[in-house]
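Report on the structure
Each chain, written out:
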Amino acid sequence: MGNTVAREDFEWVYTDQPHADRRKEILAKHPEIKALMKPDYNLIWVVVLMVLAQLTAFYLVKDLDWKWVVFWAYVFGSCISHSMTLAIHEISHNSAFGNSKAMWNRWFGIFANLPLGLPYSISFKRYHMDHHRYLGGNGIDVDIPTNFEGWFFCTRFRKFIWIVLQPFFYAIRPLCINPKPITRLEIINLLAQLSFDVAIHYLWGVKSTFYMLAGSVLGLGLHPISGHFIAEHYMFLKGHETYSYYGPLNMLTFNVGYHNEHHDFPNIPGKSLPLVKKIAAEYYDNLPQYNSWIKVLYDFVMDDTISPYSRMKRQLKGEVKQD
């Protein structure tokens, strides 16, 4: 089943995250990048079309044999569902309507959430802003695995199971690491989602409901796109905290693979991140990068020196402001 990995704790660092300083340097040298800090209105229509595509799929699978429901849930539904979570990621950065219409983005996020089957958008936004402000922050950044995950998922077989169960850990981790009071918008997100799920079940039955929920769980678990969860911040090379991916799956994921660029400029929509890389090529071309998320998943499982502990972690000082 593989050998126990050597790492027994996170990589504790005592420096600030690199993205703020690099952002200042790049803007001083390439002020034209500021022109990219604007909403991507095309995101609105892409999300609407994705919701309509899933509604069509819910209808089409309602009378299929179960084996085909499962097949299409993994082959098609999982891709749309995972892509939609990354559309919600874009929306959380106010990329759809801009910072001046923040609430429009929140309502649109709730709409984009509907075909996922599970309420996600509002809570994700709250925790994701912490991830950007306090990357690796102990007790704040819930993208960092728990100590239990690092301790238990330490063999090849267990790491494989950890990848399969990624949706579960992303859902439960905030409650373990950094629980927050429930907000009015989160309750609205929950009620809107439950109403939608009941409507789908009433209109088209259990197979459509299963397709919806299974697509979300499968798409965020053992799936090629899920390689981005590990590729973004797991320390395959000592001293490097964030990694970009420049492969073709960026076309399905709103360029989330351009992750160094995204953390440097979180207010630039994914559509424009390749331009950031092109303009400031001297800052990005020589950073460690990936061209295959599938290889990232394979290497994570098979490399006995890599585990959920392979993350940089910081003990934050001073005042911490959370959403």
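Residues numbered from 1 in each chain as written. Predicted model: local features only at pLDDT ≥ 70, side-chain atom pairs only at ≥ 80, totals over all residues. Heavy atoms only, no water.

Points about the overall build of the protein chain
Heads up, the rule is: Secondary structure counts use DSSP, requiring at least four H or I residues in a row for a helix and at least two E residues in a row for a strand, with both numbered from the N terminus. With C-alpha atoms as the basis for the radius of gyration, the globule rule is written as 2.2 Å multiplied by the number of residues raised to the power 0.38. Buried, partly exposed and exposed residues are distinguished by accessible area as a fraction of the type maximum, computed with a 1.4 Å probe on protein chains only: under 20%, between the cut-offs, and over 50%, respectively. Contacts are assigned to residue pairs that have any heavy atoms within 4.5 Å of one another. Residue-level accessible areas treat just the shown protein chains as cover; the underlying method is Shrake-Rupley with a 1.4 Å probe. Positive: Lys, Arg. Negative: Asp, Glu. His and the chain ends are not part of the count. The atoms used to mark charge sites are NZ of Lys, CZ of Arg, CG of Asp and CD of Glu.
Summing up its helical and strand segments, the protein chain has 15 helices and four strands in all. Relative to a compact globule of 323 residues, whose C-alpha radius of gyration would be 20 Å, the protein chain shows 20 Å and is just as compact. Referenced to the eigenvectors of the C-alpha coordinate spread, the extents of the protein chain come out at roughly 55 × 50 × 40 Å. Scored against the burial criterion, the 323 residues of the protein chain give a buried share of 53%. Considering only contacts in the protein chain between residues 6 or more positions apart, those separated by 24 or more positions represent 80%. With the model as given, the accessible surface of the protein chain reaches about 15400 Å², and the carbon-plus-sulfur share is 66%. For the protein chain, the centre of its 31 positive side-chain charges and the centre of its 28 negative side-chain charges are spaced 3 Å apart.

A look at the packing of aromatic side chains
What counts, and what does not: For Phe, Tyr and Trp, where Trp contributes only its six-membered ring, two rings pair if their centres lie within 6.5 Å, and the inter-plane angle classes them as stacked under 30 degrees, edge-to-face over 60, or tilted in between. Sitting over a ring, as applied to charges here, requires NZ of Lys or CZ of Arg to be within 6 Å of the ring centre and within 35 degrees of the ring normal.
For the structure shown, the criterion picks out 26 aromatic pairs. Residues Phe97 and Trp104 carry aromatic rings whose centres are separated by 5.5 Å and whose planes lie at 70° to one another, so their mutual orientation is edge-to-face. Phe97 gets classed as buried once you look at its relative accessible area, which sits at 17%. Of the aromatic side chains, those joined through ring pairs into one cluster are Phe148, Trp151, Phe152, Phe153, Phe168 and Phe169. For Lys101, the ring lying beneath its charged end belongs to Trp104, and the centroid distance is 4.3 Å. Lys277 extends its terminal NZ or CZ atom over the ring of Tyr246, reaching a point 4.8 Å from the ring centre.

A short note on unusual backbone geometry
Within the chain, Asn94 stands out as a residue other than glycine whose phi angle is a positive 60°. You can see Asn94 is positioned in the loop between helix H3 (66–92) and helix H4 (102–113). Here Asn94 falls in the buried class, since its relative accessible area comes to 12%.

What about the packing of helix H2 (residues 42–61) against helix H9 (residues 184–204)?
Keep this limit in mind: Between N-to-C directions, angles cover 0 to 180 degrees, with each direction set by a line fitted to C-alpha atoms, over the stretch in contact for helices. Helix crossings get a hand from a simple test, with the near helix turned counterclockwise from the far one by less than a right angle marking a left-handed crossing and a clockwise turn marking a right-handed one. Residues were grouped as follows: Ala, Val, Leu, Ile, Met, Phe, Trp, Tyr, Cys and Pro as nonpolar; Asp, Glu, Lys and Arg as charged; and all remaining residues, including Gly, as polar.
Two elements in contact, H2 and H9, have axes separated by 10 Å at closest approach and are oriented at 35°. By crossing handedness, the relation of H2 to H9 is classed as right-handed. In contact with Leu55, Phe58 and Tyr59 of H2, H9 contributes Phe196, Ile200 and Trp204. Its residues assigned to classes, the contact of H2 with H9 comprises six nonpolar, no polar and no charged.

Considerations on the pattern of salt bridges
Heads up, the rule is: Salt bridge, as used here: a side-chain nitrogen of Lys or Arg that lies within 4 Å of a carboxyl oxygen of Asp or Glu.
On inspection of all chains with the given rule, the structure shows 14 salt bridges. Close ionic contact of Asp130 with Arg133 constitutes a salt bridge, the shortest N to O distance being 3.8 Å. You can see Asp130 and its partner Arg133 sitting in helix H5 (residues 121–133), three residues apart, about one turn around the helix. Taking relative accessible area as the criterion, Asp130 reaches 0% and is therefore assigned buried. Residue classification places Arg133 among the partly exposed positions, given a relative accessible area of 41%. Here Asp285 ties to Lys277 by a salt bridge, and the two come within 2.9 Å at their closest N and O atoms. Asp285 gets classed as partly exposed once you look at its relative accessible area, which sits at 39%.

With respect to the environment of Val46
With respect to the helices and strands, the residue Val46 is situated in helix H2. On the accessibility criterion, Val46 (35% relative accessible area) is partly exposed.

Focus: the UniProt feature "transmembrane region" (unreviewed entry) in the protein chain
Operational definition: UniProt positions are given in the numbering used here, feature names are shortened, and annotations may be inferred rather than shown by experiment.
The sites that carry the UniProt feature "transmembrane region" (unreviewed entry) are, in the present numbering, residues 43–61, 68–87, 107–124 and 210–231. Taken end to end, residues 107–124 has its terminal C-alpha atoms 14 Å apart, with 61% of it in helix and 0% in strand.

With respect to H3
Which entries qualify depends on this criterion: We define the bend at each residue as the angle formed by axes fitted to the 7 residues ending at it and the 7 residues starting at it.
Along H3, the helix axis deviates most sharply at Gly77, where the bend reaches about 45°. Positive backbone phi, at 60°, marks Asn94, one or two positions downstream of H3.

Details of a nonpolar patch on the surface
Here is the rule we go by: Without a salt bridge and with relative accessible area above 30%, a residue can belong to a patch; like charges are then joined within 9 Å and nonpolar side chains (Val, Leu, Ile, Met, Phe, Trp, Tyr) within 5 Å.
A cluster of nonpolar side chains, Trp68, Phe71, Trp72, Tyr74, Val75, Phe76 and Leu218, forms an exposed patch at the surface whose accessible area comes to about 600 Å². Structurally, Trp68 is set in helix H3.

Quick look at the nonpolar core
Going by this rule: To define a nonpolar core, start from buried Ala, Val, Leu, Ile, Met, Phe, Trp, Tyr and Cys residues and group those joined through side-chain atoms within 4.5 Å.
Among the nonpolar cores identified, the biggest contains 37 residues, and Val47, Met84, Trp162, Ile230 and Phe300 are the most heavily contacted of them. Contacts of Val47, omitting those with residues within four sequence positions, involve Met84, Ala87, Ile91, Phe108, Phe111 and Ala112. Core analysis: the second largest hydrophobic core is formed by 13 residues, Ile33, Leu273, Val276 and Tyr283 among them.

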